[in-house]
Amino acid sequence: MVPPRALGALLVLLLLLLDSGEETYTDNSEHSRNACQGLINMGLYDPPFFLEDTAKCFTKCRQSEDESCDLDNLQRYWLDYETHLVEKSLKEKVDLPFLKTFVKNFSTNISEDLHFSLDPSQIPTQVMGNEHKPPDRVRLPRSLFASLQSSNLEVRLAISVLDIGAGNVFKGPRLSLEDDSRVLNNRLVGLSFGHMRVTGLAEPLEITFSHQSQPPNMTLTCVFWDVTKGSTGDWSSKGCSTEIGAKGTVCRCDHLTFFALLLRPVLDKVTVKALTRISQAGCGASMIFLAFTIVLYIVLRFSWQRFKSEDAPKIHVALSVSLFLLNLIFLINMGYDPYMPEATCWVQGAIFHYFLLCVFTWMVLESLHLYLLVIRVFNTYFKHYFLKLNLVGWGLPALIVICTGTANSYGLYTIRDEDNRISLELCWFLDTADIALYVTVHGYFLITFLFSAAVLGLVAWKIFTLSNATAGKKQRQHWKAVLTLVGLSSLVGMTWGLAILTPLGLSTVYIFTLFNSLQGIFIFCWFIVLYFPSQSDVSSFSGTARAEQTHTMSHE
């Protein structure tokens with residue numbers, strides 16, 4: 001039997017143990033919070049416990065109000081660690097699950113470039129330039145070390161591969177969740193000479209990141225961590241170029257720091273929404289002015305006798321009608337109903353395709369007429385000329401759409417982001433009908449665009465030759481020639497050529513969308529200038545514009 005005094009002692013001991021446990025739990029919780037605030041581990045790197053303790057914040061520091069993290073302190077901790085390895089530590093290797101680092105002294109008088117492998121599962125190692133190139137690698141040019149010879153015979157270099165996890169550390173404002181962007185494989189590559197800053201390299205260093213083929217709506221960008229951007233730093237591409245390949249991307253940068261490869265959607269939801277609004281507003285405005293053009297033509301046709309026999313305004317109006325109907329079906333298509341029957345979506349996609357091809361065709365017919373008007377000039381009479389143009393302008397697209405439709409190519413088309421979330425849906429080509437899309441849209445457009453560009457180039461040469469010949473008499477001929485070419489460009493569809501430049505960046509996508517959606521307004525302005533010139537310009541207007549009103553009479 002336990003004496004009462006002993007029993008009391010046991011109870012006191014138990015209470016002390018319980019209290020001790022609560023304090024331990026509280027201390028651990030407080031310790032974890034302080035570590036992610038960068039308060040207790042700052043400047044502490046040995047033993048590896050401090051690194052591992054801070055690395056836990058890669059997963060703890062997510063976009064949540066429950067976690068208290070100081071991203072600036074955490075990011076600076078890892079930036080300073082590379083400097084610590086170069087300046088104060090004697091370590092030559094760091095091998096942790098989240099960090100692989102290689103540190104070594106190199107002579108500044110080297111005879112060839114240095115190459116290193118960057119396998120994320122292994123410590124970076126130096127490889128010979130003539131060996132088999134590893135998928136992930138870095139090349140440091142000989143000129144980099146030569147530029148340091150004046151002040152150093154030897155430099156200490158640290159190369160790190162850091163896994164930053166899925167949290168917010170090293171994400172920055174640029175990689176918001178709404179932007180659907182991320183650091184590729186959550187991997188950073190650090191290059192450092194310690195406190196020695198290296199910028200403005202004449203020959204850039206090269207980092208190759210291996211990856212699988214990315215979706216067509218995603219783009220890769222080489223970036224570095226810029227501590228001067230924002231309150232906590234952010235990614236920047238200044239001084240870096242990106243060369244994207246099928247199995248890897250080469251980053252060339254003119255300085256040393258932490259580098260990464262950003263994966264970003266070309267058209268995320270925010271961008272798609274903005275482009276959609278621009279297109280809807282522009283197409284709506286174009287439809288109004290195209291309607292004005294058509295009405296104006298009808299009025300002139302009844303009030304101006306010779307207007308009935310001129311072919312040029314008929315071609316302009318045919319293009320206006322096709323463009324008006326394309327804008328109309330586009331606006332209808334943007335309001336896709338998920339409960340729409342498949343057959344209805346099929347028909348809507350086919351109609352959309354048809355009027356798009358009609359626009360392409362009438363633009364190339366404008367170019368053909370312009371060629372006959374300005375370049376060929378003589379022997380340009382063709383019996384039933386405009387009737388033949390109509391057969392091509394409306395018939396050829398119909399033939400293509402019928403052939404495409406028999407292959408069951410039309411249906412629901414979706415644009416998705418990297419997480420497979422839908423950004424946009426419309427009735428167009430099926431996702432599986434890539435070949436039909438490339439042949440009947442991309443290929444057809446490319447042929448028509450190249451022909452129109454060639455004709456416009458010849459016309460430009462002709463106009464400026466004439467302008468130079470009469471420069472002594474007419475001082476304003478040059479700017480009139482430029483305005484004439486701008487007007488003709490809208491007719492033959494040069495604004496559609498901006499589609500070729502869209503891979504250069506998002507800004508060109510916005511420019512393409514804006515100019516194309518306003519094409520109807522440009523055509524209306526050209527129609528007004530062509531058929532309602534001011535009295536002072538009647539005798540001096542550009543030769544090309546006046547030729548449209550005289551040459552077409554030969555087709556009566």
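This text follows the structure it describes.
Visitor: Please clarify how the packing of aromatic side chains should be interpreted in this entry.
Guide: To describe a pair of aromatic rings, you give the distance between the ring centres and the angle between the ring planes. Going through the model one piece at a time under the given rule, you end up with 31 aromatic pairs. Consider the rings of Tyr-45 and Tyr-81, whose centres lie 5.0 Å apart with planes at 40°: the pair is tilted. Separated by 36 residues along the polypeptide, Tyr-45 in the loop between helix H1 (4–36) and helix H2 (49–55) and Tyr-81 in helix H4 (residues 71–87) bring together distant segments of the chain. For the pair Tyr-45 and Tyr-81, a shared accessibility class is recorded, and that class is buried. Sitting over the face of the ring of Phe-386, Lys-314 holds its NZ or CZ atom 5.5 Å from the ring centroid.

Visitor: Help me understand the pattern of salt bridges in this model?
Guide: Proximity of charged atoms lets side chains of opposite charge pair with each other. In the structure shown here, the tally under the stated rule is nine salt bridges. Among the salt bridges present, the one from Glu-203 reaches Arg-139, with a minimum N-O distance of 3.4 Å. Linking Glu-203 in the loop between strand E8 (187–192) and strand E9 (205–210) with Arg-139 in strand E5 (residues 137–140), this pair joins segments that are 64 residues apart in sequence. Look at Glu-203 and you get partly exposed, because its relative accessible area is 32%. A salt bridge links Glu-206 to Arg-139; the nearest nitrogen and oxygen atoms lie 3.4 Å apart. With Glu-206 in strand E9 and Arg-139 in strand E5, the pair connects residues that are 67 residues apart, well separated along the chain. On the basis of relative accessible area, Arg-139 is assigned to the buried category, the value being 14%.

Visitor: How should the state of the cysteines be read in this particular structure?
Guide: Tallied over the entire structure, the rule returns five disulfides. One disulfide in the model links Cys-36 with Cys-57; its S-S distance is 2.3 Å. Handedness here is read from the sign of the S-S torsion; for Cys-36 and Cys-57, about -100°, the answer is left-handed. Linking Cys-36 in helix H1 with Cys-57 in helix H3 (residues 57–60), this pair joins segments that are 21 residues apart in sequence. Neither residue differs from the other here; Cys-36 and Cys-57 are each classed as buried. When the cysteines engaged in disulfides are numbered in sequence order, the protein chain pairs them as 1-2, 3-4, 5-7, 6-8, 9-10.

The rules behind these values
- Residue numbering note: each chain is counted from 1, following its sequence as written.
- Given that this is a predicted model, residues contribute local features only at a pLDDT of at least 70 and side-chain atom pairs are listed and counted only at 80 or more, while totals for whole chains, interfaces and linings are drawn from all residues.
- Side-chain numbers here rest on the full set of heavy atoms in the structure, without hydrogens or water.
- Ring pairs are drawn from Phe, Tyr and Trp, using the six-membered ring of Trp, whenever the two centres fall within 6.5 Å, and their geometry is named by plane angle: stacked under 30 degrees, edge-to-face over 60, tilted for the rest.
- A run of DSSP states H or I qualifies as a helix once it reaches four residues; a run of E qualifies as a strand once it reaches two. Both are numbered from the N-terminal end.
- Whether a residue is buried, partly exposed or exposed follows from its accessible area with a 1.4 Å probe, protein chains only, as a fraction of its type maximum: under 20%, in between, or over 50%, in that order.
- Consider the ring centre and the ring normal. A charge sits over the ring if Lys NZ or Arg CZ is within 6 Å of that centre and within 35 degrees of that normal.
- We define a salt bridge as a contact between a side-chain nitrogen of Lys or Arg and a carboxyl oxygen of Asp or Glu at a distance within 4 Å.
- When two cysteine sulfur atoms are found within 2.5 Å, that pair is recorded as a disulfide.

Take it as geometry only, folks, not as evidence of what the structure does.
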